[in-house]
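# Coordinate inspection notes
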Amino acid sequence: AKHKVSFSGVMTIFTALECKEKYFELIENAPAIQSDLAGVEDIDSSGIQVMLKAKQLAESLGKSLVIENSSASIQSVFSLYGLDEESFNYDNVNP
């Protein structure tokens, strides 16, 4: 069963460290994470780094990580970096 985590507010340089610590702890302790970004209002390169590092952690531990429900404005930031929601996903069942 996937553990669902919902993010809200901003994922920026000002919140990235706290976000990373909590997020990585969840990834380490749950077999699969479903990350809902519907409440995220803003993301910057620090937030994107957290998301990419989370994927790397999930891959290294063999755990599933799915990002979903990012708003159009968040998706536009992803696209500035040549990314989309799928860029952050790792499925250990259907790699």
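Preceding block: the structure.
As a starting point, this report considers the structure included with it. Residue positions are given per chain, counting from 1 as you read along its sequence in written order. With pLDDT at 70 or above as the cut-off, local features in this predicted model cover only qualifying residues; side-chain atom pairs require 80 or more to be listed or tallied, and sums for whole chains, interfaces and linings still use all residues. Where side-chain values are given, they derive from all heavy atoms of the structure, hydrogens and water being excluded.

Let us now look at the overall build of the chain. Counting from the N terminus, the helices are the DSSP runs of H or I reaching at least four residues and the strands are the DSSP runs of E reaching at least two. Check the secondary structure of the chain and you find three helices and three strands. Each radius of gyration reported is based on C-alpha atoms, and the globular scaling rule is 2.2 Å times the count of residues to the power 0.38. Its C-alpha atoms give the chain a radius of gyration of 12 Å, within 12% of the compact-globule value 12 Å for 95 residues. For the C-alpha atoms alone, the extent of the chain along its principal axes is close to 30 × 25 × 20 Å. Throughout, exposure labels follow a simple rule: accessible area from a 1.4 Å probe, protein chains only, divided by the maximum for the residue type, with under 20% read as buried, over 50% as exposed, and the rest as partly exposed. The proportion of buried residues among the 95 residues of the chain is 42%. Any two residues whose heavy atoms approach within 4.5 Å are treated as being in contact. Sequence separation of 24 or more characterises 81% of the internal contacts of the chain that already satisfy a separation of 6 or more.

Once that is clear, we can look at the nonpolar core. Buried Ala, Val, Leu, Ile, Met, Phe, Trp, Tyr and Cys residues form a nonpolar core when they are joined through side-chain atoms within 4.5 Å. Formed by 26 residues in total, the largest nonpolar core has its most connected members in Tyr 23 and Ile 27. Contributing elements (two or more residues each) for this core: strand E1 (3-11), helix H1 (16-29), strand E2 (32-43), helix H2 (45-61), strand E3 (64-68) and helix H3 (72-80). A total of six residues in this core trace back to one element, the largest contributor, which is H2. Discounting chain neighbours no more than four positions away, the residues touching Tyr 23 are Val 5, Phe 7, Ile 33, Ser 35, Val 50, Met 51, Ala 54, Leu 65 and Ile 67.

Turning next to the environment of Glu 28. Secondary-structure assignment places Glu 28 in helix H1. Between the alpha carbons of Glu 28 and Leu 57 there is a distance of 8.1 Å; along the sequence they are 29 residues apart. Every residue in contact with Glu 28, bar those within four places of it in the chain, is listed here: Leu 57, Leu 61 and Lys 63.

This part covers the pattern of salt bridges. The rule for a salt bridge is simple: a side-chain nitrogen of Lys or Arg has to be within 4 Å of a carboxyl oxygen of Asp or Glu. The final tally for this structure, using the stated rule, is three salt bridges. Lys 22 serves as the salt-bridge partner of Glu 18, at 2.9 Å between the closest nitrogen and oxygen. With Glu 18 and Lys 22 both in helix H1, this residue pair falls four residues apart, about one helical turn. When the shortest N-O distance is used, the salt bridge between Lys 55 and Glu 59 registers 3.9 Å. Of this pair, Lys 55 and Glu 59 both sit in helix H2, four residues apart, roughly one helical turn. Here Glu 59 falls in the partly exposed class, since its relative accessible area comes to 35%.

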